[in-house]
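Listed below, chain by chain, are the residues.
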Amino acid sequence: MSQATFRIWRSEPGGGAGAFKNYTTEISEGMVVLDAVHKIQAEQAPDLACRWNCKAGKCGSCSAEINGKPRLMCMSRLNSINLDEPVTVEPMRTFPLIKDLVTDVSWNFRTKKGLKKFKPRKPDAPDGTWRMAQQDIDRVQEFRKCIECFLCQDVCHVLRDHDKHEEFIGPRFFVYAAALEMHPLDTDDRLADLKDKSNIGYCNITKCCTTVCPEHIHITDNAIIPLKERVVDSFYDPVSRLLRMISG
Amino acid sequence: MAAHTTYSYDVLVIGAGGAGLRAAIEAANSGVTVGLICKSLLGKAHTVMAEGGMAAAMAHNDDRDSWKVHFADTMRGGQYVNNWRMAEIHAKEAPDRVRELEGWGAVFDRTPDGRINQRNFGGHRYPRLAHVGDRTGLELIRTLQDHTTYLGVTVHMEHTVIEVILDGGRAAGVLAYDRERGRFHVFSAKAIVLATGGIGRAYQITSNSWEGTGDGHALAYRAGAQLIDMEFVQFHPTGMVWPPSVRGLLVTEGVRGEGGVLRNSEGRRFMFDDIPDNYKPQTAADEEEGWRYVMHDKTARRPPELLTRDHVARCIRREVKAGRGSPHGGVFLDIAWIKERIPNAEEHIKRKLPSMYHQFKELADLDITKEPMEIGPTTHYVMGGIKVDADSQESTIPGLFAAGECAAGINGANRLGGNSLSDLIVFGKRAGEYAAQHARKGAPPKVDDGAVERSIKASLAPFERGASGENPYKVQQDLQETMQALVGIVRTESEMQEAIKKLAAFNERAARVGIEGHREYNSGWHTCIDLRNLLDVSETIARSAIERRESRGGHFRDDYPDKVAEFGTFNIATKRQPDGSMTVSRVPLAEIPPELKQVIEEQKQ
């Protein structure tokens, strides 16, 4: 049994003053960062705040920044981290702090409400069902793997550095919009909103979101770039622009 | 008097997994006001962990399937102590509930002709599980969550309910606290739906998240509702066993549905060694026939790895006890072997079982397309729970409804894989519908201030004791060890009596727990609140298990290893008496109507 030191952000409630505090704890084979945090909670700091649920990378609750990288604590194995130095564990910095490792992510839930909902075409069969080919839904299924951990939002510089939360929906909701836009049954059109309300143009495809996605969704290549292309085709294509001018 | 805010709704739903969300949708659609309380953030409930699929006899992959076959499968799996009416409703309504999800945006895997694809699963005669790879639960919860977003349901996230409060014997409201600020809130409601999920956290090795502390079970119990079938706990045969930090984490039954086989340390497929008589006619005679079944040969019968979960779990335990286990105390589950049978096996496995592939790759450094997994039984699901009316889901307390895992009846002594997700949507809908109906005819109830104050005072007591009190985490760990060791997969009278004594001691320790710090997002404080629920639930399990002197489904007694016909005629019920003691009684099963009896007989062939 060996030991490791964790440098964990502790704060006063309500996002008050905070500082890193070092905790040394015993570690064993196969442990992940979340195990260490739980051990510290049970043995040294019972009031340490951290969010978690499934501990299997499926619910997206335990998002944090580990040695500066946005990751799920439950999927960060200690044997993949240098333990010769203290392991820094801090909350996601893009969202307001509640306490310790817990942040206020309610902006994400409000943002989703602002997007147009799924609107299916009429059923294909008299019994009220639809027919879809697997190959037509493969790309939508990739987007629907999203576990809403919001690590992509955390790392996105438009949100993190420029604080554009009121004008920009972030990678998570471009993925959400892409899943609806590319859904074979959906009949609504979100392109004008993506251009004007969600400001998809702010994204300059640095792919930071794709890098941190624990579900390995190709956020930039498969969701954001195709949506940008659709926006360009609809609003900036000279031929269709001309047609629009003629038809009023 | 401690300050608290108050809210008032027609229908208050507690829990935002599949059942709670579906109940909220139904209630909101009927025009009443709906409040939804969830212990975590929206969309994180344990439903996301469900992997394999939801069972519905849509007959897309085999046109011999029908509600009758599904009904008979469910009753057989439950060893005939199920509530027959719930099993009937479930089998009949599940297909509509699944199709409805597609209209709300769910994207299920497809058949070649473009319909919802259905897969094989343990105890189901035909391919019946609508699925999305091995992340069906995520698809269900996200679909319901997104649909709910636009219905005007008020969601209270990270709120925990501490007590259900009655008014003249009927449900009136709840006291809750929010984790973020640690403040108390009183919710009054004309009808309450409990949809709080399971009890796995009462055990040391479990597939359940921290939320599975039996809150709804305990809230209803303390309010005086009857619980039934609490002795029936499902130990899922395949949980991870290595490394220690992920012990108990679920490995989907879908692995076996796709051709995964169980082997002991001698390489033997030991599941062929012990096939129960009532499943013999439906089980493959040899490995060859089992493989043909996996390859969708309709003339083939299913491999013994797909027998019911209780049986598979006991066979695994037998192998381990006999010294034929894997290095870390489990057995081997091998899906990699299918490369001997099909080309591109590696791609096939990754496509059919993507999250299993990642789970083992990232948490155990193991490539399931190349090596066998090590697995062993894990506490997964409780068949028992709040006794409800089959049609309305109302408990024995007027105005208090329950749906999903915290309600009992549909599963009897053992749940079939895939019947849980369909249970959530079938009975979640019904609970929402009938709760709304109840709310419309009811007058606003009154939440008694005295009851609220008493509950608040008790909840804050751990702060007064501070660091000098018992460590709540330690009490919880000791409780989990006791339940695992003494009321686990194999039970005896003497061990369970010992557990009852220990539970009394844990109750005393729980009354002395202390916590430091602020009320804001204090995990230690939260553990103090959870503890009470875990203790109540553990006692109902132990006492019910002592009373059932036979072995049936998920309940196996070493001192009574056989099934006894007499015990197949009643459910065991627990109820809290006004003096706080627990009574155990036998509730006769309702007679199955002749036409359904006939269905069961026809399907026995």
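Residues numbered from 1 in each chain as written. Chains lettered and ligands numbered in written order. Predicted model: local features only at pLDDT ≥ 70, side-chain atom pairs only at ≥ 80, totals over all residues. Heavy atoms only, no water.

This part takes up the interface of chain B and chain A. How big an interface is tends to be reported as the loss of accessible area on association of its parts. Between chain B and chain A, the residue contacts involve 63 residues of the former and 59 residues of the latter. Roughly 5,000 Å² is buried in total at the junction of chain B and chain A, and carbon and sulfur atoms are behind 55% of that figure. Among the residues chain B hides against chain A, the three largest losses belong to Lys44(B), Tyr150(B) and Tyr521(B). Together they make up 14% of the total. For the interface between chain B and chain A, the tally reads six salt bridges. Residue Asp365(B) is joined to Arg77(A) by a salt bridge in which the shortest nitrogen-to-oxygen separation is 3.3 Å. Between chain B and chain A we count 40 residue pairs in polar contact (both at pLDDT 80 or more) in total. Where the side of chain B that touches chain A is concerned, the elements lending two or more residues are helix H3 (84–103), helix H4 (136–149), helix H10 (354–364), helix H13 (472–486) and helix H15 (523–547) of chain B. (Contact = heavy atoms within 4.5 Å. Buried area = accessible area lost by both parts, 1.4 Å probe. Salt bridge = Lys/Arg side-chain N within 4 Å of Asp/Glu carboxyl O. Polar contact = N/O pair within 3.5 Å; in protein donor to acceptor, adjacent residues only side chain to side chain. Helix = DSSP H or I, 4+ residues; strand = E, 2+ residues; numbered from the N terminus.)

Phe6(A), Met73(A), Val11(B) and Met373(B) are the most contacted members of the largest nonpolar core, which has 228 residues in total. Ignoring any residue separated from it by four or fewer positions in sequence, one finds Met73(A) in contact with Val32(A), Val33(A), Leu34(A), Val37(A), Cys50(A), Arg51(A), Cys62(A), Ala64(A), Ile66(A), Val89(A) and Leu101(A). Core analysis: the second largest hydrophobic core is formed by 15 residues, Ala172(B), Phe184(B), Val447(B) and Ala451(B) among them. (Core = buried A, V, L, I, M, F, W, Y, C linked by side-chain atoms within 4.5 Å. Buried < 20%, exposed > 50% of the residue type's maximum accessible area, 1.4 Å probe, protein only.)

Once that is clear, we can look at the pattern of salt bridges. This structure, assessed with the given rule, holds 76 salt bridges over all chains. Of the charged contacts, one joins Arg121(A) and Asp124(A) as a salt bridge, the two residues approaching to 2.8 Å between their closest N and O atoms. By relative accessible area, which is 31% here, Arg121(A) ends up partly exposed. Arg586(B) is paired through a salt bridge with Glu547(B); the nearest N and O atoms lie 2.9 Å apart. Of this pair, Arg586(B) sits in strand E19 (residues 582–588) while Glu547(B) sits in helix H15, and the two are 39 residues apart along the sequence. For Arg586(B), a relative accessible area of 34% puts it in the partly exposed group. By relative accessible area, Glu547(B) is classed as buried at 18%. Residues joined by salt bridges that share partners form a network here, namely Arg22(B), Glu26(B), Arg97(B), Glu100(B), Lys429(B) and Glu433(B).

Residues and elements named next belong to chain B. Within the fold, Ala-28 resides in helix H1 (residues 18–29). On the basis of relative accessible area, Ala-28 is assigned to the buried category, the value being 16%. Linking Ala-28 and Leu-400, residues 372 residues apart in sequence, is a C-alpha distance of 17 Å. Setting aside anything within four residues of it in sequence, one finds Ala-28 in contact with Val-34, Leu-151 and Val-153.

Residue and element names in this part refer to chain B. Burial analysis of strand E9 (residues 184–194) places 10 of its 11 residues in the buried class, the great majority of the element. Direction of pairing for strand E1 (residues 4–14) relative to E9: parallel, over a ladder of 10 bridges. What sits directly across from Ser-8, in E9, is Ser-188. In textbook terms, the turn of a hairpin is the stretch between consecutive antiparallel strands, and for strand E8 (residues 170–178) and E9 this stretch comprises five residues, one of which, Gly-182, has a positive phi near 70°. (Pairing = 2+ DSSP bridges.)

All right, on to the domain arrangement of chain A then. Residue and element names in this part refer to chain A. In terms of domain boundaries, chain A breaks down into domain 1 (2–103) and domain 2 (106–239). Computed from C-alpha coordinates alone, the two centres of domain 1 and domain 2 are separated by 30 Å. Listed by partner, the interface residues are 14 residues for domain 1 and 16 residues for domain 2. Note on domain 1 versus domain 2: buried area summed over both sides is about 1,100 Å², and carbon and sulfur give 60% of it. Among the residues of domain 1 in contact with domain 2, Pro-70, Thr-94 and Phe-95 are the three that bury the most area, contributing 51% of the side total. Summed over the shared surface of domain 1 and domain 2, the result is one salt bridge. In this structure, Glu-65 engages Arg-160 in a salt bridge whose closest nitrogen and oxygen atoms are separated by 2.8 Å. Applying the counting rule to domain 1 against domain 2 returns four residue pairs in polar contact (both at pLDDT 80 or more). Taken together, the elements giving at least two residues each to the side of domain 1 that touches domain 2 come down to strand E3 (63–66) and strand E4 (69–72). Looking at the side of domain 1 that touches domain 2 residue by residue, the classes come out as six nonpolar, four polar and four charged. (Domains from an automatic or database assignment. Nonpolar A, V, L, I, M, F, W, Y, C, P; charged D, E, K, R; others polar.)

Here the focus is the side chain of Arg557(B). Residue and element names in this part refer to chain B. Within the secondary structure, Arg-557 sits in the loop between H15 and strand E18 (570–576). The exposure class of Arg-557 is buried, given its relative accessible area of 0%. Reaching out from Arg-557, the side chain makes a polar contact with the backbone oxygen of Ile-546 at a distance of 3.1 Å. Sequence-distant contacts of Arg-557, that is, excluding residues within four places in its chain, are made with Arg-491, Thr-492, Glu-493, Met-496, Ala-545, Ile-546, Arg-548, Arg-549, Glu-550 and Ser-551.

All names here are of chain B. If you check the domain split of chain B, you get domain 1 (4–232 + 383–441), domain 2 (249–378) and domain 3 (457–570). Measuring from the centre of the C-alpha atoms in domain 2 to the corresponding centre in domain 3 gives 32 Å. Between domain 2 and domain 3 the total buried area reaches about 450 Å² when both faces are included, carbon and sulfur atoms providing 69% of it. At the boundary of domain 2 with domain 3, the tally comes to zero salt bridges. One can count one residue pair in polar contact (both at pLDDT 80 or more) joining domain 2 with domain 3. Residues belonging to the side of domain 2 that touches domain 3 are distributed by class as follows: one nonpolar, no polar and three charged.

On to the sheet that holds strand E1 (residues 2–11) of chain A, then. All names here are of chain A. With respect to topology, five strands assemble into an open sheet ordered E2-E1-E5-E3-E4, the strand pairing being mixed. The outermost strands of the open sheet, each flanked by one partner alone, are strand E2 (18–27) and E4. Across the sheet, the mean angle from the axis of one strand to that of its neighbour is 35°, orientation sign disregarded. Examined bridge by bridge, E1 and strand E5 (residues 87–90) share three bridges and lie parallel to one another. In the sheet register, Arg-7 faces E5, and the bridge partner there is Thr-88. The strands touched by helix H1 (residues 33–43) are E1, E2, E3 and E5; relative to E2, the strand with the most contacts, the crossing angle is about 100°. (Axes fitted to C-alpha atoms, helices over the stretch in contact; angles between N-to-C directions.)

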